[in-house]
Number of protein chains: 2
Amino acid sequence: MTTVDSRPTVHLPARDIPVPSSLSPEAQAMLAMPRLEISGYPPLADKDAWRDQIAQRNEALLAMMSGRPPAAGTEVDEIEADGVRVYVITPPGVPDDGRVYLDIHGGALILGGGEVCRAMGTGTAARVGARTWAVDYRMPPDHPYPAPLDDCVTAYRALLRDHAPEQIIVGGASAGGNLAAALLLRARDEGLPLPAAAVLATPEADLTESGDTFQTNLGLDPVLRDSLMPANLLYAAGHDLADPYVSPLFGDFTKGFPPTILTTGTRDLFLSNTVRLHRALRAAGVPAELHVLEAAGHGGFFGMAPEDRDLDREIRRFVTLHWSAAA
Amino acid sequence: MTTVDSRPTVHLPARDIPVPSSLSPEAQAMLAMPRLEISGYPPLADKDAWRDQIAQRNEALLAMMSGRPPAAGTEVDEIEADGVRVYVITPPGVPDDGRVYLDIHGGALILGGGEVCRAMGTGTAARVGARTWAVDYRMPPDHPYPAPLDDCVTAYRALLRDHAPEQIIVGGASAGGNLAAALLLRARDEGLPLPAAAVLATPEADLTESGDTFQTNLGLDPVLRDSLMPANLLYAAGHDLADPYVSPLFGDFTKGFPPTILTTGTRDLFLSNTVRLHRALRAAGVPAELHVLEAAGHGGFFGMAPEDRDLDREIRRFVTLHWSAAA
């Protein structure tokens with residue numbers, strides 16, 4: 001026990017952490033993949049450098065997802081909802097019963113636009129088994145907060161014109177979990193009705209990164225390899241990182257929030273984000289359930305392990321239950 | 001990424017992990033307490049040395065708990081239930097409505113007998129707000145497996161003579177979570193009816209210690225400072241550590257198990273034990289809910305922080321709900 005900068009700390013010696021043999025072979029292989037060098041972020045003010053990095057990373061994401069084409073018969077329509085681009089994705093065999101899933105994509109609040117949004121939304125639609133609105137919200141460096149959140153709220157308002165709120169479920173993973181939760185806080189504050197439920201997968205709930213696992217899981221999470229603070233600052237563009245619309249963990253959930261499912265893993269850099277948001281929702285009396293995958297980093301095992309299917313089943317059960325309750 | 005003994009590993013450099021400032025002052029103070037030297041366990045065959053160490057540790061536990069006397073008016077009767085000593089604890093104001101909580105104490109399967117069992121059971125009774133049977137089960141080194149589990153099953157059988165199973169809730173923390181879960185597996189296999197619900201707080205579900213957080217949280221958990229394998233081997237006394245009655249994580253829960261609440265913390269050495277058991281129960285279709293405290297080690301914050309009250313409320317709500325459903 002030592003004290004650094006007047007904060008007490010625990011000293012941990014250097015260690016080699018083995019991949020747990022209790023995981024599926026696919027999950028073990030994923031955790032055993034060599035860690036690539038971290039490229040780092042550009043200086044905050046160098047917008048061209050940000051644009052270049054974002055374009056490169058989006059290309060890499062798209063290449064990764066190209067191995068998972070949508071199921072045959074999946075329909076994708078690109079629409080403008082009050083000026084916001086939305087991909088309306090209908091998996092094969094889904095009835096036109098009014099149920100819709102509003103999907104807010106992830107990508108650290110800077111990545112995942114355009115074709116990546118479309119590809120991620122297609123995956124979401126297949127997992128939840130419902131018509132899905134994938135919001136291609138504007139992003140930094142050109143459109144920092146509040147533009148991305150404004151676009152999500154706009155899409156939700158547009159949905160409410162043709163749907164009873166009970167027909168809508170709002171969800172997002174990672175940065176999408178931030179925006180989904182912030183959208184719900186803002187919708188409520190603006191007097192809009194709340195949807196049937198929310199799905200928050202490893203939500204980036206706290207852009208101040210005050211959670212313990214930002215330290216304890218650093219180096220263990222195979223996906224999130226470092227603090228995301230440069231992207232957080234680019235997104236917030238001078239706004240207070242602790243504002244509840246910027247970091248929904250700090251919202252007041254006693255004033256209303258829909259039933260919520262949260263998912264994470266024990267090696268997830270956002271484990272603290274997720275369990276703290278779960279505790280905050282429970283403390284406010286919101287029905288909220290938590291599911292944690294053994295040894296999984298951010299976002300599970302790239303969707304390639306049986307463990308990922310386990311969480312998919314929980315989410316499918318949860319959304320089906322809450323849509324049924326609304327029927 | 002290196003490979004040690006043919007197992008791929010992640011190398012983590014030495015680090016200083018600060019106490020999170022987002023915790024309550026009480027929880028921060030608990031995490032900031034100096035880590036005492038670990039005394040280690042005696043050689044497996046030296047029973048006298050085990051008896052000495054167990055006596056010393058029990059005295060230390062009793063001294064710790066002496067600062068928390070039972071509420072005035074708490075009644076404690078010592079009974080023999082078919083040869084097993086049980087403390088029957090009735091908190092003040094609890095009605096004689098047949099509801100009973102069967103409390104299996106913790107203590108690494110070697111500690112916590114006698115006066116410690118009585119003191120821990122009194123705390124449990126106050127938290128769950130019900131008459132509590134605290135089982136003073138026999139323990140190693142003189143009474144290894146299956147004697148401790150036999151005693152728990154005997155106490156449950158005795159309760160069933162005077163109570164409908166719906167009036168009974170079974171719970172335990174740590175080693176008590178191991179025995180509570182194993183008791184339920186054995187009761188089911190022996191054709192006994194199952195209780196209304198189970199409370200498994202940071203359960204020692206896997207004596208093989210195959211979970212990831214046995215590695216990743218080593219040094220971070222302020223309570224469990226090292227592997228408990230010597231105590232596990234003393235307990236198992238040559239039985240297979242992976243036997244479901246020894247390590248209930250490996251049980252088949254599809255054949256019946258009551259609704260369960262599980263609790264842990266992100267720094268808990270038993271975080272993996274807990275989330276893996278939660279996943280196993282859910283995969284078998286058992287209604288099971290999980291609650292994880294930010295930055296908490298094994299057993300939370302010694303019961304001294306508001307965060308501990310938060311989990312106490314969840315457990316109280318859960319047992320009240322399941323007793324009411326049975327009424």
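Treat the numbers as computed from the prediction; the structure is a model and nothing was measured.

So, on to the sheet that holds strand β11 (residues 288-293) of chain A. Residues and elements named next belong to chain A. The strand order β4-β5-β7-β6-β8-β9-β10-β11 describes an open sheet built from 8 strands, whose pairing is mixed. Edge positions in the sheet fall to β4 (75-81) and β11, since each has one partner strand and no second. With strand direction ignored, the average angle separating the axes of adjacent strands in the sheet is 20 degrees. Here 4 bridges tie strand β5 (residues 84-90) to strand β7 (residues 131-135), and the two strands are oriented antiparallel to one another. Paired with I89 across the two strands is T132, which belongs to β7. Of the strands in this sheet, β4, β5, β6 (100-104) and β7 are in contact with helix α3 (residues 115-128), which crosses β5 at around 35 degrees.

Before going further, it helps to examine the UniProt feature "domain: Alpha/beta hydrolase fold-3" (unreviewed entry) in chain A. Here, the residues flagged by UniProt with the feature "domain: Alpha/beta hydrolase fold-3" (unreviewed entry) are residues 102-299 of chain A. For residues 102-299 of chain A, the end-to-end C-alpha separation is 19 Å, with 35% helix and 16% strand making up the annotated structure.

In this section: helix α1 (residues 25-32) of chain B. Taken together, the buried positions of α1(B) are B:A27, B:M30 and B:L31. Along the axis of α1(B), the buried residues cluster in a sector spanning 95 degrees; they form a single face.

Turning our eyes to something else, we now look at the relation of the copies chain A and chain B. A rotation about an axis combined with a shift along that same axis relates the two copies of the chain. At an RMSD of 0.0 Å, chain A and chain B line up after a rotation of 180 degrees and a shift of 0.0 Å along the axis. Within this description, the copies of the chain are treated as partners about a two-fold rotation axis. Ranked by how close their C-alpha atoms come to the rotation axis, the residues of chain A are headed by A:A14, at 2.0 Å. Most of the interface of chain A is mirrored in chain B, where 100% of its interface residues are also at the interface.

On to the environment of B:E307. In this structure, B:E307 sits in helix α9 (residues 306-326). Not counting chain neighbours up to four residues away, the residues in contact with B:E307 comprise B:L23, B:S24, B:A27, B:L293 and B:F301.

A separate point is the pattern of salt bridges. For the structure shown, the criterion picks out 43 salt bridges over all chains. Measuring nitrogen to oxygen at the nearest pair gives 2.5 Å for the salt bridge that ties A:E289 to A:R317. Residue A:E289 is located in strand β11, and its partner A:R317 is located in helix α9 (residues 306-326); the two are separated by 28 residues in the primary sequence. Two residues, A:D310 and B:R279, come together in a salt bridge whose shortest N-O distance is 2.7 Å. Of this pair, A:D310 sits in helix α9 while B:R279 sits in helix α8 (residues 271-283), which puts the two residues in different chains. A:D310 sits in the buried class, given a relative accessible area of 12%. When salt bridges that share partners are traced, they join A:R279, A:R282, B:E289, B:D310, B:E314 and B:R317 into one network.

Time to look at empty space enclosed by the protein. With the rule as written, the count across this model stands at 1 cavity of 30 Å³ or more. In this model, the largest cavity occupies a volume close to 50 Å³. Going through the elements one at a time, α6 (213-216) of chain A together with α6 (213-216) of chain B are the ones with two or more residues in the lining of the largest cavity. Looking at side-chain class alone, the lining of the largest cavity contains 4 nonpolar, 8 polar and no charged residues.

Let's shift gears to the sheet that holds strand β6 (residues 100-104) of chain B. Residues and elements named next belong to chain B. With mixed pairing, 8 strands are arranged side by side in an open sheet as β4-β5-β7-β6-β8-β9-β10-β11. The open sheet has two edge strands with one neighbour each: β4 (75-81) and β11 (288-293). For this sheet, the mean angle separating the axes of adjacent strands, direction not counted, is 20 degrees. Against the sheet, helix α3 (residues 115-128) engages β4, β5 (84-90), β6 and β7 (131-135), with an angle of about 35 degrees to β5.

Let's shift gears to the packing of aromatic side chains. Residue and element names in this part refer to chain A. Using the criterion set out here, one finds 8 aromatic pairs over all chains in the structure. A ring pair is formed by Y145 and Y235, whose centres lie 5.9 Å apart and whose planes are at 65 degrees; its orientation type is edge-to-face. One end of the pair, Y145, is in the loop between β7 and α4 (147-162); the other, Y235, is in helix α7 (residues 229-236), with 90 residues separating them in the sequence. According to the relative accessible area criterion, Y235 is buried, its value standing at 0%.

This next bit is on the interface of chain A and chain B. Each side of the interface is counted separately: chain A has 52 residues, and chain B has 52 residues. Of the roughly 4,600 Å² buried between chain A and chain B on both sides combined, carbon and sulfur atoms contribute 53%. If you look at where chain A meets chain B, you find 8 salt bridges. Two residues, A:E314 and B:R282, come together in a salt bridge whose shortest N-O distance is 2.7 Å. The interface formed by chain A and chain B holds 28 residue pairs in polar contact (both at pLDDT 80 or more) in total.

Residue and element names in this part refer to chain B. Direction vectors running N to C along helix α4 (residues 147-162) and helix α5 (residues 175-189) enclose 65 degrees, while the axes themselves pass 9 Å from each other. In this structure, α4 meets α5 at a crossing whose hand is right-handed. When α4 is examined against α5, the residues P148, L149, D150, C152, V153 and Y156 are found in contact with a partner set consisting of L179, A182, L183, R186 and A187. When grouped by side-chain class, the residues that make up the contact of α4 with α5 number 9 nonpolar, no polar and 2 charged.

Cut-offs applied
Residues numbered from 1 in each chain as written. Chains lettered and ligands numbered in written order. Predicted model: local features only at pLDDT ≥ 70, side-chain atom pairs only at ≥ 80, totals over all residues. Heavy atoms only, no water. Pairing = 2+ DSSP bridges. Helix = DSSP H or I, 4+ residues; strand = E, 2+ residues; numbered from the N terminus. Axes fitted to C-alpha atoms, helices over the stretch in contact; angles between N-to-C directions. Contact = heavy atoms within 4.5 Å. UniProt positions renumbered as here; feature names shortened; annotations may be inferred. Buried < 20%, exposed > 50% of the residue type's maximum accessible area, 1.4 Å probe, protein only. Arc of directions from axis to C-beta. Least-squares fit on C-alpha atoms with pLDDT ≥ 70 in both. Salt bridge = Lys/Arg side-chain N within 4 Å of Asp/Glu carboxyl O. 1 Å grid on protein atoms, 1.4 Å probe; cavity = no way out; pocket = protein on both sides within 12 Å on 5 of 7 lines; lining within 4 Å. Points joined across faces, edges and corners; volume = space filled by probe spheres on them. Nonpolar A, V, L, I, M, F, W, Y, C, P; charged D, E, K, R; others polar. Phe/Tyr/Trp six-rings, centres within 6.5 Å; stacked < 30°, edge-to-face > 60°. Buried area = accessible area lost by both parts, 1.4 Å probe. Polar contact = N/O pair within 3.5 Å; in protein donor to acceptor, adjacent residues only side chain to side chain. Left-handed = near helix turned anticlockwise from the far one by under 90°.

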